[in-house]
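Tertiary structure, described
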Amino acid sequence: MLDAVDAVLVRELQRDGRATFQALADRVGLSRTAVRARVQHLLETRVVRVVGIVHAAVVGAEAIGHVSVAVDGSAREAAAAVAERPAVSFTALTAGPHDLVAQVRTRDDAALAAEVDHIRSIPGVRAAEVFRSVATVRDKHAVVRELGEISLDDIDWRLLHELQRDGRAPYTRLAHVIGLSQAATRARVVRLMRSGVIQVTGLADPLALGAAELGGFGLVVTGGLRKTAEAVAAQDGVRYLATGFGRYDIVGQAEAATRSELVGVLDAIRSVPGVTVRESWHHLDVVKESYAVELPAYPLNGSS
């Protein structure tokens, strides 16, 4: 577990991955030098990773499927094979109605169907059932809002490449990569972030923050789906929620410090009018969690 200061720093980096050391220092009441050392230690020990998460609409990865997989034999081996697919952003071994679950992001339904077919072909996979997400209501780590009209040039794409790899890349390095002044580089990055093209955030080790338990749930709803989904998403502990079609009306993830608290999150969800928890499952081990997407390659100034 982190001490109180490091916990606040991680939370601030989750809120704004590019927050300056001075802003962080003002938040926790320490010197800029002390905060820089703490943040560097958190990054080096992988307690937190600061990455840029590109809006799905920018790269045409808006077809999202939540795949529940049944396995004969080793679930871990099957999960490792599923996790190797670039289109798979999340994979976890689970206890409950499924042996493992995965999230798949593709450009369209045809590509999504092809990815699910590949999962079905993995040795040991007996069945794969898909929930097709239509709208993401809450995502702790990604941009959840309509993307306005914005035109991206080669320099913007290169910045997205760099920020996706290292969300806290200094402006001096970014400026060198794209061949602009630091002021012009900063203006471009701010534009990309404010427009919602990219969100720079800290991906924290849940154990370090005391969120040791992670689970999933599938809900069926009576009444208005969107209003009910927003009420569920507002519950403490809900980190992801999507509406769509399939076995459920809503699929989500919840996190808590203990199993008892995780049960409490599910109980709070059950208390939302019109909601029935059809299935829930416990995440035993997260095999993959990655928000990186394939971006067009635009080498500049000799970089690639």
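Residues numbered from 1 in each chain as written. Predicted model: local features only at pLDDT ≥ 70, side-chain atom pairs only at ≥ 80, totals over all residues. Heavy atoms only, no water.

**What about the sheet that holds strand β9 (residues 250-256)?**
An order of β2-β4-β3-β10-β7-β9-β8-β5 is seen for the eight strands of this closed barrel, with the pairing classed as antiparallel. Neighbour-to-neighbour, the strand axes of this sheet turn through a mean angle of 35 degrees, independent of strand direction. With seven bridges joining them, strand β2 (residues 63-71) and strand β4 (residues 100-106) adopt antiparallel strand pairing. Across the sheet, A63 pairs through a bridge with T106, a residue of β4. Each of β2, β3 (88-95), β4, β5 (125-139) and β10 (275-289) is contacted by helix α5 (residues 75-83), which is oriented at about 170 degrees to β3, the strand it contacts most. Sitting on the sheet, helix α10 (residues 225-233) is in contact with β5, β7 (213-221), β8 (238-245), β9 and β10, with an inclination near 165 degrees to β8. (Pairing = 2+ DSSP bridges. Helix = DSSP H or I, 4+ residues; strand = E, 2+ residues; numbered from the N terminus. Axes fitted to C-alpha atoms, helices over the stretch in contact; angles between N-to-C directions. Contact = heavy atoms within 4.5 Å.)

**Regarding the pattern of salt bridges**
Throughout the structure, instances matching the rule amount to 24 salt bridges. Residues E115 and R85 are paired through a salt bridge, measuring 3.1 Å at the closest nitrogen-oxygen approach. With E115 in helix α6 (residues 109-121) and R85 in the loop between α5 and β3, the pair connects residues that are 30 residues apart, well separated along the chain. For R85, a relative accessible area of 24% puts it in the partly exposed group. For D117, the salt bridge goes to R120, with nearest N and O atoms at 3.4 Å. Taken together, the positions of D117 and R120, both in helix α6 and three residues apart, correspond to about one turn of that helix. A relative accessible area of 47% means that D117 is categorised as partly exposed. Since its relative accessible area comes to 40%, R120 is described here as partly exposed. (Salt bridge = Lys/Arg side-chain N within 4 Å of Asp/Glu carboxyl O. Buried < 20%, exposed > 50% of the residue type's maximum accessible area, 1.4 Å probe, protein only.)

**As for the packing of aromatic side chains**
Across all of its chains, the model carries two aromatic pairs by this definition. Ring geometry for F131 and Y248: centres 6.4 Å apart, planes at 40 degrees, overall tilted. Of this pair, F131 sits in strand β5 while Y248 sits in the loop between β8 and β9, placing them 117 residues apart in sequence. Taken together through their ring pairs, the aromatic side chains of F131, Y248 and W281 make up a single cluster. Its end group placed over the ring of Y171, R18 keeps NZ or CZ at 4.5 Å from the ring centre. (Phe/Tyr/Trp six-rings, centres within 6.5 Å; stacked < 30°, edge-to-face > 60°. Lys NZ or Arg CZ within 6 Å of the ring centre and 35° of its normal.)

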